[in-house]
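One letter stands for each residue in the lines below.
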Amino acid sequence: MKIEIVQATLQDIEKLSILFDNYRIFYKQTSDIKLAKAFLIDRIANQESVIFVAKDESTQLGFTQLYPSFSSVSANRTWILNDLYVLPEYQNLRIGSKLLNHVQQHAKQTLAKGIFLQTAKTNIGAQRLYESHGYCQLHYLGYFLAL
């Protein structure tokens, strides 16, 4: 199986919406393809995120979504890796690693200082994957205000 990583465009939305919906379901959200599609269209059309898709000749196998951010202290660009998902039946093909390698290349090409990500404390598989790619746990407290 030949897997390629490409940047998503609006032409990828139909299949990407299904992947994105599966990702949201993994994080205990209710399935809503319409919402997934509208969200992704907004991100791509407004150039608010960069989405990379792993696919073979006919199937989208996984994706990752990056949001731009900046570090005031270092006065540099950073990227937030907000989403990474691979269909369960393809998780043994190192697609997550391929996506992370592509993300790192993109960050370097855009002269970013680094890549920030979060994952669930219970998502041990993802933690192992990230750590195998050099990601380190931060020792900062995180806060969130729900509105």
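Keep in mind that this is a model prediction, so the values were computed, not measured.

Conventions used here
- Residues numbered from 1 in each chain as written.
- Predicted model: local features only at pLDDT ≥ 70, side-chain atom pairs only at ≥ 80, totals over all residues.
- Heavy atoms only, no water.
- Helix = DSSP H or I, 4+ residues; strand = E, 2+ residues; numbered from the N terminus.
- Rg over C-alpha atoms; globule rule 2.2 N^0.38 Å.
- Buried < 20%, exposed > 50% of the residue type's maximum accessible area, 1.4 Å probe, protein only.
- Contact = heavy atoms within 4.5 Å.
- Areas by Shrake-Rupley, 256 points an atom, 1.4 Å probe, with all protein chains shown as cover.
- Core = buried A, V, L, I, M, F, W, Y, C linked by side-chain atoms within 4.5 Å.
- Pairing = 2+ DSSP bridges.
- Axes fitted to C-alpha atoms, helices over the stretch in contact; angles between N-to-C directions.

**Remarks on the overall build of the protein chain**
- Assigned secondary structure in the protein chain consists of 4 helices and 5 strands.
- Across the protein chain, helices and strands are ordered from the amino to the carboxyl terminus as β-α-α-β-β-β-α-β-α.
- Relative to the globule expectation of 15 Å for 147 residues, the C-alpha radius of gyration of the protein chain, 15 Å, shows essentially globular dimensions.
- Along the first, second and third principal axes, the C-alpha atoms of the protein chain reach 45 × 35 × 30 Å.
- In the protein chain, which comprises 147 residues, the share counted as buried stands at 37%.
- The long-range share in the protein chain, meaning contacts at least 24 apart out of those at least 6 apart in sequence, stands at 58%.
- For the protein chain, the exposed surface amounts to about 9800 Å²; the carbon and sulfur share of it is 54%.

**A short note on the nonpolar core**
- In this structure, Leu16, Ile51, Phe63, Leu81, Ile95 and Leu99 are the most contacted members of the largest nonpolar core, which totals 36 residues.
- Where this core is concerned, the elements lending two or more residues are helix H1 (13-26), helix H2 (33-45), strand E2 (50-55), strand E3 (60-71), strand E4 (76-86), helix H3 (95-109) and helix H4 (124-132).
- Every residue in contact with Leu16, bar those within four places of it in the chain, is listed here: Ala8, Leu40, Ile51, Val53, Gln60 and Phe63.

**A word on the pairing of E2**
- Counting buried residues along E2, 5 of its 6 residues qualify, which places the element largely inside the surrounding structure.
- Where strand E1 (residues 4-7) and E2 come together, 4 bridges link them in antiparallel fashion. Paired with Val6 across the strands is Val53, a residue of E2.
- Where E2 lies against E3, 6 bridges are found, and the strand directions are antiparallel. Among the inter-strand pairings, Phe52 is bridged to a residue of E3, identified as Thr64.
- Here E2 folds back onto E3, and the loop between the two strands holds 4 residues.

**Re the sheet that holds E2**
- What the 5 strands build is an open sheet, ordered E1-E2-E3-E4-E5; its pairing is mixed. Edge positions in the sheet fall to E1 and strand E5 (115-117), since each has one partner strand and no second. Geometrically, the sheet is characterised by an average inter-axis angle of 30° between neighbouring strands, direction not taken into account.
- Of the strand pairs in this sheet, E3 and E4 are connected by 10 bridges, and their pairing is antiparallel. Within E4, the position partnered with Gln65 by the bridge is Asp83.
- Across the face of the sheet, H3 comes into contact with E1, E2, E3, E4 and E5 while running at roughly 165° to E4.

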